[in-house]
Amino acid sequence: MNKYDAIVIGSGLGGLVCGALLARDGKKVLVIEQYTIPGGCARTFQRKGFNLEVALHEMDGLDKGDSKMEVFRKLDILRHIKIQTLSEFYRFIHHETDIMIPNDSKKTINVLTERYPDETKGIKKFFRTLSGIRRDINRLPHVRGKVHMLLPLFPFIYPHIFFNLFKTLGKFLDSIIKNEELKLILNGNIMYYGDDPYSLSLLYYGVAQGSYYIGGGHFIKGGSQNLSDFLTGYIQKRKGIVLLGHRVTKIITEKKKATGVEYVKTTDKNSRPSTEFSKVIVSNASVPQVVNHLLPGDINNRFKNRINKMQKGCSLTNIFLCFKKNIKQLNKHYSTFVFPDHIRSQKDIADHFKDKYPKKSFVFLDYSQIDSGLAPKGKSLGVISLIDYLSNWEKLNPKQYKKKKEQVARIYIKKLENLIPGITKLIEYYEVSTPKTIQKYTLNPGGTPYGFKQLPLQAGIFRIGAKSPVKDLFFASAWVHPGGGFSATFFSGLCCYKEILAIK
């Protein structure tokens, strides 16, 4: 007999959204999370009175055309969490270029065409394409059945999907713009999506970047933990259970059908496995972890081989900076992306991320520019983020690891001082997280928060959907449609929920 209607493995946004929607329908839900705090990458942690935000820089959209607003309405989220809207998108610095990109496509077009009048046609096409891609994709059926797969192939119904299906951001920019500095400006926040414009699906980029330009950027006051806690509480208030500090070690199958899970207590090495059964299993864990470690070895080898051949996304290193004063007097921008001088064209972007640390680009995020709710009164919080890879950290012993974190922190704090003179004197405390940190708390292979890399043939209609080849096993995470990022993983939970409804 099934004790639950659904068991959710992991408490990242995708899993929590799906679980909350099922709980809203009166389903009894069990969420099992290996860490002691829910949220996955959507969480904060406390240090010296500060709430350090793990991953949320800004959340796109929240306009009428934003597909995740369906979940916000169903769960009445905006009545329970406070949203701060940003006044600008990002500041971009490279060589002699220092430009601020507005949080609005029309204003950005004016800023860029005034600076690059010879590129007016290409600039307008860039924004027209992003808007068209977002509109077309948001009109697609959410359930990933045959209709979802076939409709985008008809140019008269979804022209922006059809004509850009196999394009990358890099090749698209090359086809419409000649000025390399302008291409770098438009690539300014590339690390939101990956590490290479020439492998990044234009469709995936178009939806997300278009959403920033149309709906603006936003931040959840108090940090993303507030959203994760709300979803957790929503499930619990509807007779669901969120079991923290427990890790699923096995998905139980009977006649090639998922029927339950086996799990242990993570804080007790001698913990004996427990089992629970349900009508459906929703995996918020990484798909590679599911097929390689949680499912029986004889379950759908064809699917397993496909998963293990797919390219995984990059990772990040973050340097959290706690300031003893409000730094608004020194800095005026929320998000500042700095590209090193040796980058000359967008073709240099991918390789430069693999350079040694002093040569990598970075972003400085200043939460003092908004009422973030992350710092004690009179103080402020910032973070330096850069693209990184687990291979730079995984073979170090504890002493070497600690030493390297300190070295990287000093390199980029010095760069920040060059950018904002006097800011280092205000640092009260700093801490570094690496790809190894992300791997520890999410169990994601490679420590990637992005899931599978958004290649054209790993994105859109080619990406893995919510429905798995194993009956009654479903996916909701950055690893499946539509991909990584707050909005995408949030939406994946909605897709998973609708897939379950369609089948059940």
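Residues numbered from 1 in each chain as written. Predicted model: local features only at pLDDT ≥ 70, side-chain atom pairs only at ≥ 80, totals over all residues. Heavy atoms only, no water.

1. Considering the sheet that holds strand β17 (residues 380–388)
At step 1: Judged by pairing direction, the sheet is mixed, and its seven strands sit side by side in the order β8-β7-β15-β16-β17-β14-β18 without closing on themselves. Either end of the sheet is taken by a strand with one partner, and the two such strands are β8 (97–102) and β18 (427–433). Each neighbouring strand pair of the sheet contributes to a mean axis angle of 15°, computed without reference to strand direction.
At step 2: Bridge count between strand β16 (residues 362–366) and β17: four bridges; the pairing is antiparallel. Note on β17: the bridge partner recorded for L365 is V383. (Pairing = 2+ DSSP bridges. Helix = DSSP H or I, 4+ residues; strand = E, 2+ residues; numbered from the N terminus. Axes fitted to C-alpha atoms, helices over the stretch in contact; angles between N-to-C directions.)

2. A closer look at the pattern of salt bridges
At step 1: In the structure shown here, the tally under the stated rule is 19 salt bridges.
At step 2: The partner of E70 in a salt bridge is K498, with the nearest N and O atoms 3.1 Å apart. Taken together, the residues span a long stretch of sequence, with E70 in helix α2 (residues 69–74) and K498 in helix α16 (residues 486–503) at a distance of 428 residues.
At step 3: Where K183 meets D174, a salt bridge forms, and the shortest distance between an N and an O atom there is 2.6 Å.
At step 4: Given a relative accessible area of 4%, K183 falls into the buried group.
At step 5: D174 gets classed as partly exposed once you look at its relative accessible area, which sits at 30%. (Salt bridge = Lys/Arg side-chain N within 4 Å of Asp/Glu carboxyl O. Buried < 20%, exposed > 50% of the residue type's maximum accessible area, 1.4 Å probe, protein only.)

3. Digging into the confidence of the model for the protein chain
At step 1: Residues of the protein chain with pLDDT of at least 70 account for 97%, and the chain-wide mean is 94.
At step 2: Note that residues 143–147 has pLDDT below 50 and, in this model, 15 contacts with residues that lie over four places away or in other chains. (pLDDT = per-residue confidence, 0-100. Contact = heavy atoms within 4.5 Å.)

4. Some details on the sheet that holds strand β6 (residues 83–85)
At step 1: Spatial ordering of the open sheet is given by β5-β9-β6, a layout of three strands whose pairing is antiparallel. On the outer flanks of this sheet lie β5 (59–60) and β6, each paired with one strand and no other.
At step 2: Bridge count between β6 and strand β9 (residues 217–220): three bridges; the pairing is antiparallel. Bridging across to β9, Q84 finds its partner in F219.

5. Section: the nonpolar core
At step 1: L75, I77, L231 and F490 are the most contacted members of the largest nonpolar core, which totals 56 residues.
At step 2: Not counting residues within four places of it along the chain, the set of residues in contact with F490 comprises L13, V17, K68, V71, F72, I77, L227 and L231.
At step 3: Core analysis: the second largest hydrophobic core is formed by 51 residues, Y158, M191, V363 and I461 among them. (Core = buried A, V, L, I, M, F, W, Y, C linked by side-chain atoms within 4.5 Å.)

6. Thoughts on unusual backbone geometry
At step 1: Looking along the chain, the bond that leaves H481 and enters P482 is cis, with omega of 5°.
At step 2: Locating P482 in the fold gives a position in the loop between β19 (473–475) and α16.
At step 3: Not every positive phi belongs to a glycine, and K239 is a case in point at roughly 65°.
At step 4: Positionally, K239 belongs in the loop between α10 (225–237) and β10 (241–244).
At step 5: K239 sits in the exposed class, given a relative accessible area of 70%.

7. Examining the environment of S67
At step 1: In this structure, S67 sits in the loop between β5 and α2.
At step 2: For S67, a relative accessible area of 18% translates into the label buried.
At step 3: Here the alpha-carbon distance between S67 and G313, two residues 246 residues apart in the chain, equals 24 Å.
At step 4: If near-sequence neighbours (up to four positions away) are discounted, S67 is found in contact with N138, F491 and L494.

8. Brief notes about the packing of helix α3 (residues 105–115) against helix α4 (residues 120–138)
At step 1: Remark: α3 packs on α4, axes separated minimally by 10 Å, with the N-to-C direction vectors making an angle of 160°. Between α3 and α4, the interaxial angle falls into the category roughly antiparallel. Crossing angle aside, the handedness with which α3 passes α4 is right-handed. On α4, the residues that touch S105, T108, I109, L112 and T113 of α3 are T120, I123, K124 and F127.
At step 2: Residue composition of the contact of α3 with α4, by class: four nonpolar, four polar and one charged. (Parallel < 35°, antiparallel > 145°, perpendicular 65-115°, else oblique. Left-handed = near helix turned anticlockwise from the far one by under 90°. Nonpolar A, V, L, I, M, F, W, Y, C, P; charged D, E, K, R; others polar.)

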